[in-house]
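Examining the three-dimensional arrangement
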Amino acid sequence: MKNIMIVATGGTIAGVGEIGKSASYQAGEINIDEIIKSLPAINHIAHLSAIQYMNVDSNEMSPDRWVQLANYLNALLLREDVDGIVVTHGTDTLDETAYFLNLTLRTYKPVIITGAMRPATAASADGPMNLYQAVALACHEEAMGHGVMAVFSDTIYSGRDIQKVNNFKTDAFDKKDFGCLGYMRDDQAYFFARAFKKHTLQSQFSQQVLTTLPKVGIAYYYAGAGIEVLQALEKDCKGIVIAGSGSGNYSKEWIEKVKDLSLKGIIIVRSSRVGHGIVFESPVFDKENYTVPSNTLSPQKARVLLMLALSVTKEAEKIRQIFNVY
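Residues numbered from 1 in each chain as written. Predicted model: local features only at pLDDT ≥ 70, side-chain atom pairs only at ≥ 80, totals over all residues. Heavy atoms only, no water.

1. Observations regarding the overall build of the chain
Of the regular secondary structure elements, the chain holds eight helices and 16 strands. What you see for the chain is a C-alpha radius of gyration of 20 Å, in line with the 20 Å of a compact globule of 326 residues. Taken over the C-alpha atoms alone, the chain extends approximately 60 × 40 × 35 Å along its principal axes. Residues classed as buried in the chain amount to 56% of the 326 residues present. In the chain, once contacts between residues fewer than 6 apart in sequence are set aside, the share between residues at least 24 apart is 71%. Only carbon and sulfur atoms are counted for the fraction: they give 50% of the accessible area of the chain, which is about 14100 Å². Across the chain, the centroid of the 32 positively charged side chains sits 5 Å from that of the 34 negatively charged ones. (Helix = DSSP H or I, 4+ residues; strand = E, 2+ residues; numbered from the N terminus. Rg over C-alpha atoms; globule rule 2.2 N^0.38 Å. Buried < 20%, exposed > 50% of the residue type's maximum accessible area, 1.4 Å probe, protein only. Contact = heavy atoms within 4.5 Å. Areas by Shrake-Rupley, 256 points an atom, 1.4 Å probe, with all protein chains shown as cover. Lys, Arg positive; Asp, Glu negative; His and termini not counted. Charge placed at Lys NZ, Arg CZ, Asp CG, Glu CD.)

Rendered as structure tokens:
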């Protein structure tokens, strides 16, 4: 059997509430060892070790905690007695953490992230099955080299493309327009696709030791939005992601303000508040390199990539190339 390390960070999977109820609970309360004890069968598929690295609601995740987690996982992945890692995480920001780790881990070993929509004390908690299948996937021979993956509701997702699309159902994630990587049936994995964009050992960001990340904010555009949010963000942000309407659009007033910010050296990335689609190069917004299109990345994932890009370059054209690669 493979040696799998479970690194727990908290979230709903470790949540506690009224027995039997799925609402009104406190995330990040139960230790990972208690969750494993509730799943005797999990010890039949792998030799397990577990560490409660942190125990927080995923809304307490931050760039500093991402850096700490990535550095910790990279150290674990160097060990010969670790064949793969499973990270437990809250669902609210799981897609952001998955993408950050996908770009910063130096390994082809399987790294799987999972969580739950119902607390451990719910009548039909979904966390135990998700954890069981995540461990099973980490043991699978075909799991090597896919980058960071996520397992939720019998589905295998790419760390780049996974996105939370429902705040209520246990099947809370989607794979956007690209299809999932595969499916889980009990402890069996079935792969049908492979991630195309660069990740893990192919990523330039995995080759550096991170300590801090440049500050990047997100400005949400809506009909009639003033430029006050852009003025506030320019005070201490090295980059700004705009969650624009449609194909990353915004008003003439914003266009003029964005041009001003770009000339001041602040990198502006255009993304879309729409859940599906792509933000292409635009002669209206991207002329003279005033903005960088996010392609298929959501605003929150575009922020992740922009922070990493700014850690290696301040040049808009190089950052444009980075967004095309990752």
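2. Examining the pattern of salt bridges
Opposite charge on two side chains permits them to pair, given that their charged atoms come into close proximity. Going through the model one piece at a time under the given rule, you end up with twelve salt bridges. Salt-bridge contacts for K2 lead to E141; the nearest nitrogen and oxygen are separated by 3.2 Å. Highlighted residues: K2 in the segment before β1 (3-10) and E141 in the loop between α4 (127-139) and β7 (149-152), separated in sequence by 139 residues. Since its relative accessible area comes to 60%, E141 is described here as exposed. Salt-bridge contacts for E281 lead to R320; the nearest nitrogen and oxygen are separated by 2.9 Å. Remark: R320 occurs in helix α8 (residues 316-325) and E281 occurs in the loop between β15 (267-272) and β16 (292-293); sequence separation between them is 39 residues. Linked by salt bridges that have partners in common, E234, K257, D260 and K264 make up one network. (Salt bridge = Lys/Arg side-chain N within 4 Å of Asp/Glu carboxyl O.)

3. Here's the deal with a nonpolar patch on the surface
Among the surface-exposed residues, Y108, M144 and L201 lie close enough to one another that they form a single nonpolar patch of about 260 Å² accessible area. Tracing the chain through its elements places L201 in the loop between β12 (188-191) and β13 (216-220). (Patch = residues over 30% accessible without salt bridge, like charges linked within 9 Å, V, L, I, M, F, W, Y side chains within 5 Å.)

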